[in-house]
Structures are given as C-alpha cells and as structure tokens.
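Coordinate analysis (summary)
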Amino acid sequence: MSAQLPACQLLERQRKDYSTHWVITPPVDPWLVEQTVGAVSADLGVVKTWEARGKPGYSPFALPVAPGELISTPMERAVLFWPKAHQLGVWWLKWLCHVLPEGAVIEIVGEHQGGIKRVPAFLAEQGMSCAKLDNARRCSLFTTRTVAASNPENAWTTLAAEGLELVSHPGAFGHGKVDEGTQLLLQSLESTLPSAPQRILDMGCGDGIISAWLAKRGHQITAVDVSDFAVEATKRTLTANGLTGRVLQSDVYSALTGEAFDLIISNPPFHQERDISYGPSQRLISEAPEHLRSGGRLVMVANGFLPYPDHLQRAFQGFQVLSDNRRFKVYAANNR
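Residues numbered from 1 in each chain as written. Predicted model: local features only at pLDDT ≥ 70, side-chain atom pairs only at ≥ 80, totals over all residues. Heavy atoms only, no water.

Re the overall build of the chain
- In terms of helices and strands, the chain carries 10 helices and 18 strands.
- For the chain, whose C-alpha radius of gyration is 21 Å, the value lies close to the compact-globule estimate of 20 Å for 336 residues.
- Across the 336 residues of the chain, 52% fall into the buried class.
- Surface summary for the chain: the accessible area is close to 14,800 Å², and the carbon and sulfur share equals 47%.
- Separation between the mean location of the 31 positive side-chain charges and that of the 33 negative ones in the chain comes to 4 Å. (Helix = DSSP H or I, 4+ residues; strand = E, 2+ residues; numbered from the N terminus. Rg over C-alpha atoms; globule rule 2.2 N^0.38 Å. Buried < 20%, exposed > 50% of the residue type's maximum accessible area, 1.4 Å probe, protein only. Areas by Shrake-Rupley, 256 points an atom, 1.4 Å probe, with all protein chains shown as cover. Lys, Arg positive; Asp, Glu negative; His and termini not counted. Charge placed at Lys NZ, Arg CZ, Asp CG, Glu CD.)

In structure tokens, the structure reads:
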C-alpha cells in the first residue's frame, strides 16, 4: 500500500519506521493509518478511522490520562500535520509541548500552500530547534523537540456579540468574529421563530453563538459538531452566559439516532481545509426529515452560489428563501 496524499507521500519516502509514532491532526490516508500507532485529532471522523483499525484515537480534550503521564503506548515521537489555520498549528505545537516530556521528537509536515513554510520562524520565536528533513510533492518536513511551554488553555478567547459572551478557539468555526451568514440567520430567526419553547437542533455549532442565542430565548437546545474544538467552545459559551443545553460531538446526525426536533438550524461549513466538500451539508438536508417531527422545520444559511436549493427540493419537495443579502441566503423547508 502506498500513500495517497502529498504530505503522506513525503513521509513515505523517508523509508523509516513510523510504527512508534503518533500522528496529530492527520488526514485520512490508508497508508498513514496502517503505519502509525495512533492518532490525536479534534475531528470525530479521523478518530473513528484509527479506531476502526483497532488503533487508539483521541480528542485533545479527552486523553485517558493527565498531561505528562503519556498514553498507554508511549507518545515520545509524534508527527504533526500542519493545518491551514496558522493559529491552530501554533496551538497544536504548544499542546504537544504541554503533554509530552521535554525533548520529545516532533516531525512537522504540510503542504506549501497550507503555510508550512512559516513553521521555522515560529519555532525560532519559541526557542525550539528546527531542522529541515525533506522537501518534495510541494510539501516540507521539519523536525524539532519539545520545550517547556505555556498552558494551551491560553488559546481560548472571548468575544461580545448579540448580547452574549462567546468563548472561542482557533479550531472552531467563526473564531474571533461573528460570521456574516450567522448574522443574517439570526436576523431571520428573530422574526420567524415561534415564541413558545421549541426543541431545537443546532447542527454545526461552531463557537455556540446560535445555541446560546436560542437558549437565551428559552428554547431547549441540542448542539452538535464533528469538531471537538467546536463542542468544547459551545459548552464554554453556554456556561459563560449562564445557559444550559446538550452539546455532543457528532458526524452530522450520527449521535442522534431516533431523535426528532421541532427545528433544525444550521450554518453548515462547506470547506475541509482547502477543499470544498458538500458531503456533510447534503447529509444535513437529505436526512433532516428523519430528525424532524411532523410539521417541523429546517432553517439554514449558505453562500448564495452553493447548490442547496436542488437538495432542499428533493428532500422536502419545496422550500422558502427567508432572507437574501446577495452573498448569503437563508432557506427554510417544512417537514410534512
């Protein structure tokens, strides 16, 4: 079996034994899954992929032991796949320095268009060593060693918006700002949402702004996201505002078997790193009728150019456009 993705191909050509290495925020590549001991990722799909091969997979917020004790299989060597968001890559490096023993080896790999070339400068700022191991497939591979680092909790930030205190992290959608589409969605809900308490699912909860906005108005909230960064951010946002809600990590509806809601509300992302992916949004729409009570409603916001009207028409046999500011549209579809 050969690696499929460029960054993994760069690792494969090192011809070294990665069987004692953990991979951090990795892509899903069958070669990588077979070669490595385990994975740490906030993405539920990645964790499940390693688990399906009988290998450990963990969220950074759900390690089975305290930092410094290491996992049952020693994590003394790690490969960090540099993410598109530089701030998130910085957080992962600091997290590794926090949970690994000082002097542990970290290899850092990534695509040039994903910002990997900025890594040496950051390492120098942190007083960390840096050696370039390879450069091919429009990717680079560096190696460094862990040093004493500040607590990664420092990455959490707060933002005041919509009368709420939002708690956010570089790995959560909308970090540091309120997305324009979310603003349009909330404006539409202000005039169309029933005043009586509703059982509402916030699909793709991000930093929790939609969940908190709804909970503040007395609705019963279930919030889900495939990213554990978003799950943790939403929990913290609800707590910061004295609100309650159920928050789950879920690949679309995977954690919600047999549940039905009065409303499903979403600002679904359509990017995965640098790639456009409609898969989760298509599942959001196509499976929504199974998770809505009779007469229930799906309300979602999306960039105007995205092909969601066709999906809504197939799933619901009709839909409405509640708002349109030329960049974003808010759609509503009723379950029969």
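Considerations on the pairing of strand 18 (residues 328–334)
- The buried fraction of strand 18 amounts to 5 of the 7 residues, a majority that puts the element mostly inside the structure.
- Bridge count for strand 16 (residues 292–303) against strand 18 is 7 bridges, and the pairing is antiparallel. For Arg 297, the partnering residue across the bridge sits in strand 18 and is Asn 334.
- Note that strand 17 (residues 320–324) and strand 18 share 4 bridges and pair antiparallel. Pairing of Asp 324 across the sheet is with Lys 329, part of strand 18.
- Linkage of strand 17 to strand 18, two consecutive antiparallel strands, is achieved through a turn of 3 residues, within which Arg 326 is found at a positive phi near 80°. (Pairing = 2+ DSSP bridges.)

Section: the confidence of the model for the chain
- For the chain, the average pLDDT comes to 91, and 93% of its residues sit at 70 or higher.
- Note that pLDDT drops below 50 for residues 271–276; the model gives that stretch 11 contacts with residues more than four away or on any other chain. (pLDDT = per-residue confidence, 0-100. Contact = heavy atoms within 4.5 Å.)

Topic: the pattern of salt bridges
- Enumeration over the complete set of coordinates arrives at 13 salt bridges.
- Between Glu 259 and Arg 246 there is a salt bridge; the shortest N-O distance is 2.5 Å. With Glu 259 in the loop between strand 12 (246–249) and strand 13 (261–266) and Arg 246 in strand 12, this residue pair connects regions lying 13 residues apart in the sequence.
- Glu 259 gets classed as buried once you look at its relative accessible area, which sits at 15%.
- Of the residues examined, Arg 246 reaches a relative accessible area of 32% and is grouped as partly exposed.
- Connected through shared salt-bridge partners, Glu 153, Glu 232 and Arg 236 make up one network. (Salt bridge = Lys/Arg side-chain N within 4 Å of Asp/Glu carboxyl O.)

Describing the packing of aromatic side chains
- Summed over the entire model, instances satisfying the criterion amount to 10 aromatic pairs.
- Centre to centre, the rings of Phe 61 and Trp 91 are 6.2 Å apart; their planes meet at 40°, and the pair counts as tilted. With Phe 61 in the loop between strand 3 (57–58) and strand 4 (77–81) and Trp 91 in helix 4 (residues 86–99), this pair connects stretches of sequence that are 30 residues apart.
- When the centroid spacing of 5.9 Å and the interplanar angle of 75° are considered together, the rings of Trp 92 and Phe 229 count as edge-to-face. Here Trp 92, found in helix 4, pairs with Phe 229, found in helix 8 (residues 228–240); they are 137 residues apart in sequence, far enough to count as distant.
- Among the aromatic residues, those joined into a cluster by ring pairs are Phe 61, Trp 91, Trp 92, Trp 95, Trp 156 and Phe 229.
- Stacked on the ring of Trp 213, the Lys or Arg Arg 217 has its end atom at 3.7 Å from the ring centre.
- The residue whose ring lies beneath Arg 236 is Trp 156, and the NZ or CZ to ring-centre distance is 4.0 Å. (Phe/Tyr/Trp six-rings, centres within 6.5 Å; stacked < 30°, edge-to-face > 60°. Lys NZ or Arg CZ within 6 Å of the ring centre and 35° of its normal.)

Focus on the state of the cysteines
- In this structure the tally under the stated criterion is 0 disulfides.
- Distance from the sulfur of Cys 97, which forms no disulfide, to the nearest cysteine sulfur (Cys 130) is 13 Å.
- Residue classification places Cys 97 among the buried positions, given a relative accessible area of 8%.
- In this structure Cys 130 comes out as partly exposed when scored by relative accessible area, which is 38%. (Disulfide = S-S within 2.5 Å.)

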